[in-house]
Amino acid sequence: MAERGIQSVLVENRVFEPNARFRDAVGAAHIPDLATYKAMYQRSLSDPEGFWGDVASDFTWFSPWKRVLEWSCPDAQWFVGATTNICFNCIDRQIDGGHGDDIAIIWEGEPANSSQPHGFEVRRITYRELHGEVCRCAHALRALGVSRGDIVTLYMGMVPELAIAMLACARIGAAHSVIFGGFAAPAIVDRVHDAASRVIVTCDGAFRRGAVVGLKGNVDEACKSLPEVQHVLVVRRTNTPVSWSEGRDVWWHDLVAAQQSSCPCEAMDSEDLLFLLYTSGSTGKPKGIRHTIGGYMVFTAATARWTFNLQPDRGQVFFCTADIGWVTGHSYVIYGILPNRVPTLMYEGAPNFPSESRLWSMVERHKVTQFYTAPTAIRAFMKWGDEHPKGHDLSSLILLGTVGEPINPEAWIWYHETIGASRCPIVDTMWQTETGGHIITPLPAAIATVPGSCTVPMFGVDAAIVDEQGEEQPPNVGGLLVIRQPWPGMLRGIHGDRERYVETYWSKVPGMYVAGDGARRDERGYFWIMGRIDDVINVSGHRLGTMEVESALVSHESVVEAAVVGMPHEIKGTGITAFVTLGPGWQDKAGKALARQLQEHVGREIGAIAKPDVIRFTQALPKTRSGKIMRRLLRDIAAGKDSGQDTTTLEDLSVVAKLRESDE
Ligand code: WTA
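Residues numbered from 1 in each chain as written. Predicted model: local features only at pLDDT ≥ 70, side-chain atom pairs only at ≥ 80, totals over all residues. Heavy atoms only, no water.

**Description of the overall build of the chain**
Within the chain, the secondary structure is distributed over 21 helices and 30 strands. Taken over C-alpha atoms, the radius of gyration comes to 24 Å for the chain, in line with the 26 Å a tight globule of 664 residues would show. By principal-axis analysis of the C-alpha atoms, the chain measures approximately 75 × 65 × 55 Å. Residues classed as buried in the chain amount to 62% of the 664 residues present. Summed over all atoms, the accessible surface of the chain reaches about 24100 Å², with 50% contributed by carbon and sulfur. Charged side chains in the chain number 64 positive and 78 negative. The centres of these two groups are separated by 1 Å. (Helix = DSSP H or I, 4+ residues; strand = E, 2+ residues; numbered from the N terminus. Rg over C-alpha atoms; globule rule 2.2 N^0.38 Å. Buried < 20%, exposed > 50% of the residue type's maximum accessible area, 1.4 Å probe, protein only. Areas by Shrake-Rupley, 256 points an atom, 1.4 Å probe, with all protein chains shown as cover. Lys, Arg positive; Asp, Glu negative; His and termini not counted. Charge placed at Lys NZ, Arg CZ, Asp CG, Glu CD.)

Here's what the structure looks like:
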């Protein structure tokens, strides 16, 4: 990762200035030029309360704040004492403004369905319809015993009911914890347990690349270890048979449909919990990142507006391809987009179903204006071939975005030329589950872009590159990416683990938020992310802890010890190599069949995204004299191998380890 970042700058000197065609396409851009960016950025740091107070006054608050910011490091409170409801700002406010019949969500299902125009199932949901659905769902949740302050777990596919359930929770003051539908039963158990959820909302199944993922079955499996779960509300989507636990399980279409279509919003304190989202860190246990209502609402909607230049009434359609199970889907499919009154396009399935043209066909049919995806997807598009985008009319596009990992300049240029017809600015948005929204990103009419750089900080984000003492590094010297002032979208903690919150984010450089990424700034002040400095790897833009995968491996009867490292991967960006030592009686089984078994085992323990690409069996893991696993050595060894190839013999790494010991 680090090497790739540095290499890219050595060859990368192409600068793409903001262009007049984009300005023409949007009329008046929110941030029209560099001077405006600089002036606003300057004010956002010198007068954060004035700056964010002004931004927040664009939203509906039921009662005003006493102070914009209360900061006692590492605890921030934003819009202190104010009450609001994010669901109101997403929906009711649009209806009150006379826009109830505008489209809030365009949803497209995965299956090819010949009875529909263009062959796909499409739902266009207005704010008024969304309001009705959300209110009914809110009553249904209450009927299942959910009340203010509870945490409801949502384990669903990308169906409109997921958005409805999130908004319904917010409406009645319950928090949600969305678990990505690709996670397996044991991962559900940990998360539901940690959140103490008594209600889970799920689907019978989810369509994925033409097959059905049995979500309800996974929930049933998880519930065997979750006596605290009282109700499971089930959306019928795939019509696949499910087992049923009388008294616990309830069909959505029975309960929700029977409810009233109006339900007032609870007045919530700005600092009440909006959601938990579990993400990976350096230890085996995923952490529940806490986001609260007021600051997150203001930050996500404002960053969405600035970064993507969202404007209502100009025919814009915003398409973020992320699954709502990740933070990108929370912030830029739902919460950041609805308050801006631009339709958000939500897609159920895989980008290559029924063909590799699927997303381009959607762009054409829905006249998408802003398209937001991940570098791993872009690399897959490149591999699938230009004929797919070239076969569709993409002229509606005005802007392209990327997120999740550093983008290699080759992919950037391809995206620019082949998807954007060299006309659309690209916003390379750097941020994290913890930051709520974009922290470093170009603004399309104001900031010149350089392929591979996420460019400049967002308003209110005092980003810097420092050493471990907190000293700012000179240009082009690598260091830690930190943020030196609180911003409204920042996490408020890790659920149930104060110590880990302080330790992970605020102790490495006292007084500063440490993001966990290595980065540098160039002479123009542009940021270049070099990759994670902790034991987190970014596989296809999905965050995984190497320790989580190691724990899953050692839970298999054959494995004594495992060390997991990232390795360069053509499409995924980072792939997973696992070095594994086997227990007595298993050594002679080292081979392809056992490797496959271990991959499947990890799939069952965590989910398919965590399956190692390569398993290497070794006599012993290389360790330093003090007993530390030599991870750097393992990374080098992993990088030297062709990806996708299982090593099947028992390796002896002790000799290489001896040669390298002085290095680690
Ligand atoms: C990485 C995803 C380079 C980074 C929104 C970060 C990026 C982690 C970029 C967070 C980018 C995200 N350029 N790296 N534009 N965007 N990252 O929590 O390592 O799933 O720390 O949030 O992804 O991943 P997370």
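**As for the packing of helix α5 (residues 86-96) against helix α6 (residues 127-143)**
At a minimum axis separation of 9 Å, α5 and α6 run at an interaxial angle of 130 degrees. Comparing their axes, α6 and α5 come out oblique. You can see that α5 and α6 cross each other, and the crossing is left-handed. Where α5 abuts α6, its residues Cys-87, Cys-90, Ile-91, Asp-92, Gln-94 and Ile-95 lie against Tyr-127, Arg-128, Leu-130, His-131 and Val-134. Across the contact of α5 with α6, the residue classes tally to seven nonpolar, two polar and two charged. (Axes fitted to C-alpha atoms, helices over the stretch in contact; angles between N-to-C directions. Parallel < 35°, antiparallel > 145°, perpendicular 65-115°, else oblique. Left-handed = near helix turned anticlockwise from the far one by under 90°. Contact = heavy atoms within 4.5 Å. Nonpolar A, V, L, I, M, F, W, Y, C, P; charged D, E, K, R; others polar.)

**Notes on the pairing of strand β14 (residues 273-279)**
In terms of residue burial, β14 counts as a mostly covered element, since seven of its seven residues are buried. Examined bridge by bridge, strand β7 (residues 175-178) and β14 share two bridges and lie parallel to one another. The partner of His-176 across the bridge, within β14, is Phe-275. The pairing of β14 with strand β15 (residues 287-292) spans six bridges and is classified as antiparallel. Each residue of the ladder has a partner; that of Leu-273, found in β15, is Thr-292. (Pairing = 2+ DSSP bridges.)

**Considerations on the sheet that holds strand β20 (residues 426-429)**
Paired through backbone hydrogen bonds, the strands of a sheet run either parallel or antiparallel to each other. Taken in spatial order, the seven strands of this open sheet run β5-β4-β17-β16-β18-β19-β20, and their pairing is mixed. Two strands bound the open sheet, and with one partner strand each, they are β5 (120-126) and β20. Ignoring strand direction, the axes of neighbouring strands in this sheet form an average angle of 20 degrees. In this sheet, β5 lies alongside strand β4 (residues 103-112) in antiparallel orientation, the contact comprising six bridges. By the bridge assignment for β5, Ile-105 is matched with Ile-125.

**Side note on the site of the ligand**
Near the ligand, the surroundings consist of 17 residues, among which Asp-428, Thr-433, Asp-517, Arg-532 and Arg-543 are the closest. Gln-432 places a polar side-chain atom, nitrogen or oxygen, 2.9 Å from an oxygen atom of the ligand. The separation between an oxygen atom of the ligand and a polar side-chain atom of Asn-538 is 3.1 Å. (Near = heavy atom within 4 Å. Polar contact = N/O pair within 3.5 Å; in protein donor to acceptor, adjacent residues only side chain to side chain.)

**Re the sheet that holds strand β12 (residues 249-251)**
Pairing within the open sheet is mixed, and its eight strands lie in the order β12-β11-β8-β6-β7-β14-β15-β23. Across the chains shown, the open sheet's two edge strands, defined by having one partner strand only, are β12 and β23 (493-494). Relative to β15, helix α11 (residues 293-308) is tilted by about 80 degrees, and along the sheet it contacts β14 and β15.

**Considering the side chain of His-291**
Looking at where His-291 falls in the secondary structure, it is placed in strand β15. A distance of 2.8 Å separates a polar side-chain atom of His-291 from the backbone oxygen of Thr-433. There is a polar contact of 3.4 Å between the side chain of His-291 and the backbone oxygen of Gly-489. In this structure, His-291 is in contact with Leu-273, Leu-274, Phe-275, Tyr-296, Thr-433, Glu-434, Thr-435, Gly-436, Gly-489, Met-490 and Leu-491, ignoring residues within four places of it in sequence.

**Details of the confidence of the model for the chain**
For the chain, the average pLDDT comes to 94, and 96% of its residues sit at 70 or higher. When the elements of the chain are averaged for pLDDT, helix α1 (residues 2-11) gives the smallest value, 43, and helix α7 (residues 160-171) the largest, 99. Confidence over residues 1-9 falls short of pLDDT 50; this stretch has 16 contacts with residues more than four positions distant or in other chains. Long-range and interchain partners of residues 642-646, a stretch whose pLDDT sits below 50, account for ten contacts in this model, where long-range means more than four residues apart. (pLDDT = per-residue confidence, 0-100.)

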